[in-house]
Amino acid sequence: MKIKSGFVLRDVCGEQVIMGEGLGALDFGRLLCLNETAAWLWKKAEEMGEFTVEALAVALCEEYEVSEEQARIDVAAIVGEWLKVNVLE
């Protein structure tokens, strides 16, 4: 998986939001608010380019004190939401 072209993380009035920019995101028409951990995962996914739930879960465990099992569950849920709103390919 990877983040679709045209979607970026921005700080808007102190909130971390995913927003569409350019023609590739023309039909998105919304802002997606992220908590601190989800924003960190988005940035990590951007760094990785191509990523998997497992790779993000490993990175999450290295950054935060969380079990591997809980990291996989949490990352799968967040990535599932991103897939649902069509910001990943």
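Residues numbered from 1 in each chain as written. Predicted model: local features only at pLDDT ≥ 70, side-chain atom pairs only at ≥ 80, totals over all residues. Heavy atoms only, no water.

Visitor: Sorry, what's going on with the overall build of the protein chain here?
Guide: Counting secondary structure elements, the protein chain contains three helices and three strands. Expected size for 89 residues packed as a compact globule is a radius of gyration near 12 Å; at 13 Å, the protein chain falls within 12% of this value. By principal-axis analysis of the C-alpha atoms, the protein chain measures approximately 40 × 30 × 20 Å. Counting every position in the protein chain, which comprises 89 residues, the buried fraction comes to 33%. Pairs at least 24 apart in sequence give 46% of the contacts found in the protein chain among residues at least 6 apart. Here the protein chain displays about 5,400 Å² of accessible surface, and carbon together with sulfur accounts for 51% of that area. (Helix = DSSP H or I, 4+ residues; strand = E, 2+ residues; numbered from the N terminus. Rg over C-alpha atoms; globule rule 2.2 N^0.38 Å. Buried < 20%, exposed > 50% of the residue type's maximum accessible area, 1.4 Å probe, protein only. Contact = heavy atoms within 4.5 Å. Areas by Shrake-Rupley, 256 points an atom, 1.4 Å probe, with all protein chains shown as cover.)

Visitor: Would you mind showing me how to read the pairing of strand S1 (residues 7–12) here?
Guide: On any regular strand, side chains alternate: one points to one face of the sheet, the next to the other face. Pairing geometry for S1 and strand S2 (residues 15–20), over six bridges, is antiparallel. Within S2, the residue paired with Phe7 across the bridge is Gly20. Between S1 and S2, which pair antiparallel and follow one another directly, the connecting turn spans two residues, one of which, Cys13, has a positive phi of 55°. (Pairing = 2+ DSSP bridges.)

Visitor: Help me out: how do you make sense of unusual backbone geometry in this one?
Guide: Most of the time, phi is negative for any residue but glycine, and the peptide bond is trans. A positive phi is found at Cys13, a non-glycine position, where the angle reads about 55°. Among the secondary structure elements, Cys13 is positioned in the loop between S1 and S2. The backbone of Asn86 sits at a positive phi, close to 70°, despite the residue not being glycine. Turning to its location among the elements, Asn86 is positioned in the segment after helix H3 (68–84).

Visitor: Just checking my understanding: could you explain the packing of aromatic side chains for this structure?
Guide: What describes a pair of aromatic rings is the distance from one ring centre to the other and the angle between the planes of the rings. Going through the model one piece at a time under the given rule, you end up with two aromatic pairs. Residues Trp40 and Tyr64 carry aromatic rings whose centres are separated by 5.7 Å and whose planes lie at 85° to one another, so their mutual orientation is edge-to-face. With Trp40 in helix H1 (residues 36–48) and Tyr64 in the loop between helix H2 (53–63) and H3, this residue pair connects regions lying 24 residues apart in the sequence. A relative accessible area of 18% means that Trp40 is categorised as buried. A centroid spacing of 5.0 Å and a plane angle of 85° characterise the contact between Trp42 and Trp82, whose relative ring orientation is edge-to-face. One end of the pair, Trp42, is in helix H1; the other, Trp82, is in helix H3, and 40 residues separate them in sequence. One exposure class covers both Trp42 and Trp82, and it is buried. (Phe/Tyr/Trp six-rings, centres within 6.5 Å; stacked < 30°, edge-to-face > 60°.)

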